[in-house]
Amino acid sequence: EKDRIIPFENCINWNEPIILCEGVFDALAIRRNVVPLLGQSISSALLTKIIKNPVPEIYVCLDNEKQALNNALRHCERLLSLGRKVYLVKTLKKDPSETGFVEMTKILQQSEELTFEKLVSLKLDL
């Protein structure tokens, strides 16, 4: 069951920033400390792991379609409420798997920290 597993869990350093993405192929393109959600929802197992570990920063990298952006903003809000630094990664018009490692690394490095004010503004723009 997707809710009980954390894909690539044995490869994750929970003391470093993590990146959440939709699928396994996206994770393979991002490569570094990335957890595929196997969809657009954060599993209870993953949320528990984030709460129990000192994950300093969380990058949320879902697709650019409207539903995915709504889900990403919902996840960002929940993670912000946990007191974590959250970054909403805006991929261009392609999935990370199509964008590739080099370009995704640049996009991740250019992502800005999401504040509550920015979150509200993004929600209003939808």
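Values in this document were obtained by computation on a predicted structure and should not be read as measured data.

1. A look at helix 5 (residues 101-110)
- Where helix 5 is concerned, the buried positions are F101, M104, T105, I107 and L108. Angular distribution of buried residues about the axis of helix 5 spans 165°; they occupy a single face of the element. With respect to the buried face of helix 5, the exposed residues turned more than 90 degrees away are V102, Q109 and Q110.
- Check the buried side of helix 5 and you find it contacts strand 1 (18-21), helix 1 (24-30), strand 3 (57-61) and helix 4 (96-99).

2. A few points about the pattern of salt bridges
- Applying the stated criterion to the full structure yields three salt bridges.
- Among the ionic pairs, E9 bridges to K49, the shortest N-O distance being 3.2 Å. Taken as a pair, E9 in the segment before strand 1 and K49 in helix 2 (residues 44-52) lie far apart in primary sequence, 40 residues in all.
- Note that K118 is salt-bridged to E112, the shortest N-O span being 3.3 Å.
- For K118, a relative accessible area of 34% puts it in the partly exposed group.

3. What to know about the side chain of S111
- With respect to the helices and strands, S111 occurs in the loop between helix 5 and helix 6 (116-125).
- A distance of 3.0 Å separates the side chain of S111 from the backbone oxygen of I107, its partner in a polar contact.
- The contact partners of S111, leaving out residues within four places of it in the chain, are Y59, Y87, L88 and V89.

Rules of the game
- Residues numbered from 1 in each chain as written.
- Predicted model: local features only at pLDDT ≥ 70, side-chain atom pairs only at ≥ 80, totals over all residues.
- Heavy atoms only, no water.
- Buried < 20%, exposed > 50% of the residue type's maximum accessible area, 1.4 Å probe, protein only.
- Helix = DSSP H or I, 4+ residues; strand = E, 2+ residues; numbered from the N terminus.
- Arc of directions from axis to C-beta.
- Contact = heavy atoms within 4.5 Å.
- Salt bridge = Lys/Arg side-chain N within 4 Å of Asp/Glu carboxyl O.
- Polar contact = N/O pair within 3.5 Å; in protein donor to acceptor, adjacent residues only side chain to side chain.

Honestly, that's just the spatial picture; any functional story needs more than this.
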